[in-house]
Structures are given as structure tokens and as C-alpha cells.
Amino acid sequence: MEAINDFYREQFERWPQCKKNYDALLNAERRTVAMGVIPVMVQFNPGRARSTEAKVDAVSIAERPCFLCAKNRPKEQLAGQAIPDFEILINPYPILPVHFTVVSKEHQRQDAMPLEMVNFVDMTPQAVAFFNGAKAGASAPDHLHFQAVLKEELPLLAAVERLHHHADGAVKLSTELGDLPMAFLSVIVPLSFEGMLMLAELPKFGGLPDDPEANPRDFVNTFVWMDNGDPENGDAPKMRALVIPRRRHRPDCYFAEGMECLRVSPGALDMAGLIITPRREDFERITADDIATIYRQTGLTAEELPKWYEGYPDFIKYTGR
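Presented here is a report on the structure given in the accompanying data block. Predicted, not measured: the structure shown is a model, and the values here were computed from it.

**Brief notes about the overall build of the protein chain**
Helices and strands together make up the secondary structure of the protein chain, namely 13 helices and 11 strands. Radius of gyration (C-alpha) of the protein chain: 19 Å, near the 20 Å computed for a compact globule of 321 residues. For the protein chain, the C-alpha atoms occupy an extent of roughly 50 × 45 × 40 Å along the three principal directions. For the protein chain, the share of sequence-separated contacts (at least 6 apart) that also reach a separation of at least 24 residues comes to 67%. When the accessible area of the protein chain is evaluated, it comes to approximately 14,400 Å², of which 52% is carbon and sulfur surface.

Below, the structure is given as C-alpha cells:
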């Protein structure tokens, strides 16, 4: 954490507006919505309106400069160089008190999960790295990047570590873990050659988009992190991954009018149990039923999940499942 704190300290000294945005998080309001075996957190965060409401259609992207390219970033923004071909940035519009955006030095499309996420969590075991597919929450689908926050902040990760034990095998579907509101694949990566092969397969995962002509890899959220191990049983920490397949970018309520409108545009963090609401009215009135509908309309149902998983035989053969 010392290196993280030093990076933040230097960035705040150089960029007062960035510090102001992080200071505002101290007053961010949260409330808990009980949903099965996990508490879903709802956060009122008006500073995220820019991302939530970002226009990500091809015309809008073509008409704006890429805000992740070095030449277009604010001159005050620092860039860490710890990962080859990527730069580590402090996200100036944070969701959580530690929030990094790790961007490719080359301007290339957000096409598939970069395996550099593994390097990041190996280097920063306190963190979880996560990927928003081009049509699964990415506000910059034209520039390859992933993000990272502290792993303790996400309700879903804690639930998965509690429900999917090291002794339970490398792979579990969410339907096998209990009453969970979202559908996903949980992976414990073994320290073996097969584990390396499993990691190499992760970027190939996609979703089941409603549009049959769409690229499935655009519709997925992926998380990678190191767990804390199981000291009582002598188990060392292991790398974990979650794959959340998607069907859509935004739910019906995002486009509704009047009281039916909830301006929620779920990215990876929302799908992991941290719902971001830039508008106070949404924060105050969103219910468990609303959240379940958002997950159902943008993700897969429990019934669809096993069939989706069967579509990845190369991954399955390495898992021993």
C-alpha cells in the first residue's frame, strides 16, 4: 500500500482537481440492499455521470478525441510505467478511494481482456483488476484498458471466496454457489501448467448478445485477483477470476421516461454488487426488484449460464471439470 499511497500523494499535489474529486468520495452516500447471499451496495455518486451517460456509439466516438491517449490527457495526469506496453493512471472520476485505469500505450480497440491484468494483481495483491467489454460498460471502447480497485470493496468477491473454497475444484458456476442475483463463472487458477492454460483462455470469453451480429467478446466483464488463501488448511493464496457474460449494455429502465427511469448503466463494478447512481432520485428509490431486473436484462439468467459455459470447450478441458 505504501507505493499506492506515494503515487496518490504525488498525483494530488500535481492535480488539485483530482484530489477534490477523491475528497468528495468521503461524503458519498451508500445503502445496502439485501439480495440472497450477498449485500448489494448502492452508491450515490454524481461525479460518475460523465461515465454513466457516455455516448458510446460509433459516431460519437469518432467525433471526440480519445481521452485515454497520452496526447489528449490533462498535462497534470501522471502515468506509472510498471507494466510493459501499459500506463497506470489514477482515475480522475473515482468510484472508490483507490481507483486506477491501466491503459494501453497504443490506441487500439477494447477487443478482449488483456492478460496484463494478471501482471497487475501479481504486483498489487491488495487489488482486483477488472475489464469492461466494449459494450459492457466501457466508456472508452476505442482504447484498450482495464481498471483496478481494492478487492475488499466489492461484495461479490467476498461472497465468492466464502462460497467457492480451494477444495471445491477450479470452476464453479454461480448457480452452484447459492442464491446470487447475478450469473457468472468463478475460477480458482491452480498453480500448474493447466492453470497457465486456463489464464490464456480467459480473453476468449464473451457473452450472449441479443444482437446475433454483435461480437460476443464485447459483452463480458472479467475480474482477476489474488485471494488471501486458507491459512487454517495450509493453503497459500491463489489467483481467482470471475467472468460475467452479458447480453446488453444498458437495461430498459435507462431509456425509460418519468418515474420509470433509473439512470443505471452497469459496468463491471455494478455487476459485482456495487450499483452506481449518479442521480439522487435513483439512489433513493432503486429496489431489490429493480436491481434484479437490471442484472437479468444486461446479464444472463441462471438457466442460460450452463449452456453459455458449454460454448468454451478449450477452457473446460483444462479445468478437470
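**Some details on unusual backbone geometry**
Excluding glycine, most residues fall at negative phi; most peptide bonds, likewise, are trans. We note that D85 has phi near 70°; this positive angle belongs to a residue other than glycine. Assignment of secondary structure puts D85 in the loop between helix 4 (58-63) and strand 3 (86-90). Given a relative accessible area of 53%, D85 falls into the exposed group.

**Things to note about the pattern of salt bridges**
Evaluation of the coordinates by the stated rule reveals 20 salt bridges. In this structure, the salt-bridge partner of E29 is R280, at a minimum N-O distance of 2.2 Å. Taken together, the residues span a long stretch of sequence, with E29 in strand 1 (residues 29-35) and R280 in helix 10 (residues 280-285) at a distance of 251 residues. Given a relative accessible area of 32%, E29 falls into the partly exposed group. Taking the relative accessible area as the measure of exposure, R280 reaches 31% and is therefore partly exposed. Within this structure, R109, D111, R217 and D218 form a network of salt bridges that share partners.

Scoring rules and cut-offs
Residues numbered from 1 in each chain as written. Predicted model: local features only at pLDDT ≥ 70, side-chain atom pairs only at ≥ 80, totals over all residues. Heavy atoms only, no water. Helix = DSSP H or I, 4+ residues; strand = E, 2+ residues; numbered from the N terminus. Rg over C-alpha atoms; globule rule 2.2 N^0.38 Å. Contact = heavy atoms within 4.5 Å. Areas by Shrake-Rupley, 256 points an atom, 1.4 Å probe, with all protein chains shown as cover. Buried < 20%, exposed > 50% of the residue type's maximum accessible area, 1.4 Å probe, protein only. Salt bridge = Lys/Arg side-chain N within 4 Å of Asp/Glu carboxyl O.

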